[in-house]
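Listed below, chain by chain, are the residues.
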Amino acid sequence: MSTQTIDSFSAFASLNRFFALIETTKPTIQQAEDAAALLCRIYGADSEEVLLQRGDPELIEIYKEIKNKILKAAM
């Protein structure tokens with residue numbers, strides 16, 4: 001397995017734990033921001049900037065929808 005695959009899998013597992021957390025308690029803003037950063041890693045990007053520069057409109061739209069759900073959970 002490549003390092004990128006392992007990193008993406010680890011990010012997915014952590015993001016999955018975040019979504020389990022929001023079912024029982026309200027996350028902090030920091031936890032939500034960390035989860036949003038993990039979302040970028042799932043898509044294979046080191047940051048949101050890198051992800052948005054890829055130019056894939058469908059990918060960007062899905063990313064933004066999920067990110068908004070993550071951030072709304074903390075508000």
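This text gives an overview of the structure that appears in the document. (Residues numbered from 1 in each chain as written. Predicted model: local features only at pLDDT ≥ 70, side-chain atom pairs only at ≥ 80, totals over all residues. Heavy atoms only, no water.)

**A word on the environment of alanine 37**
Here is step 1: With respect to the secondary-structure elements, alanine 37 resides in helix H2 (residues 29-42).
Here is step 2: When its relative accessible area of 41% is taken as the criterion, alanine 37 is described as partly exposed.
Here is step 3: Each C-alpha atom, one on alanine 37 and one on serine 47, is 6.8 Å from the other, the two residues being 10 residues apart in sequence. (Helix = DSSP H or I, 4+ residues; strand = E, 2+ residues; numbered from the N terminus. Buried < 20%, exposed > 50% of the residue type's maximum accessible area, 1.4 Å probe, protein only.)

**Points about the nonpolar core**
Here is step 1: One finds Leu15, Phe18, Ala32, Ala35, Leu39, Cys40, Ala45, Leu51, Leu59, Tyr63, Ile70 and Ala74 forming the largest nonpolar core, which totals 12 residues.
Here is step 2: Counting residues per element, the ones that place at least two in this core are helix H1 (3-21), H2 and helix H4 (57-73).
Here is step 3: Sequence-distant contacts of leucine 51, that is, excluding residues within four places in its chain, are made with Cys40, Tyr43, Ala45, Leu59, Ile60 and Tyr63. (Core = buried A, V, L, I, M, F, W, Y, C linked by side-chain atoms within 4.5 Å. Contact = heavy atoms within 4.5 Å.)

**With respect to H2**
Here is step 1: Compared with an ideal rise of 1.5 Å per residue, which puts 14 residues at 20 Å, H2 spans 20 Å between its outermost C-alpha atoms and is within 8% of the ideal.
Here is step 2: Listing the buried residues of H2 in full gives Ala32, Ala35, Ala36, Leu38, Leu39 and Cys40.
Here is step 3: The positive-phi residue at the C-terminal boundary of H2 is glycine 44, with phi of around 85 degrees. (Expected span 1.5 Å × (residues − 1).)

**Overview of the packing of aromatic side chains**
Here is step 1: Counted under the stated rule, the structure contains 2 aromatic pairs.
Here is step 2: Measuring from ring centre to ring centre gives 5.7 Å for phenylalanine 18 and phenylalanine 19, while their planes differ by 75 degrees; the resulting arrangement is edge-to-face.
Here is step 3: Residue classification places phenylalanine 18 among the buried positions, given a relative accessible area of 6%.
Here is step 4: Judged by relative accessible area, phenylalanine 19 falls into the partly exposed class, the value being 29%.
Here is step 5: Geometrically, the ring pair formed by tyrosine 43 and tyrosine 63 is edge-to-face, given 6.5 Å between the ring centres and 80 degrees between the ring planes. Of this pair, tyrosine 43 sits in the loop between H2 and helix H3 (48-53) while tyrosine 63 sits in helix H4, placing them 20 residues apart in sequence. (Phe/Tyr/Trp six-rings, centres within 6.5 Å; stacked < 30°, edge-to-face > 60°.)

**Some remarks on H4**
Here is step 1: An ideal rise of 1.5 Å per residue puts 24 Å on 17 residues; H4 measures up with 25 Å between its terminal C-alpha atoms.
Here is step 2: Along H4, the residues classified as buried are Leu59, Ile60, Tyr63 and Ile70. Projected down its long axis, H4 carries its buried residues within an arc of 90 degrees, all on one side. Seen from the open side of H4, the exposed residues pointing more than 90 degrees away from its buried face are Pro57, Glu58, Lys69 and Lys72.
Here is step 3: Structurally, the start of H4 carries an N-cap: the backbone nitrogen of glutamate 58 is 3.2 Å from a side-chain oxygen of aspartate 56. (Arc of directions from axis to C-beta. Polar contact = N/O pair within 3.5 Å; in protein donor to acceptor, adjacent residues only side chain to side chain.)

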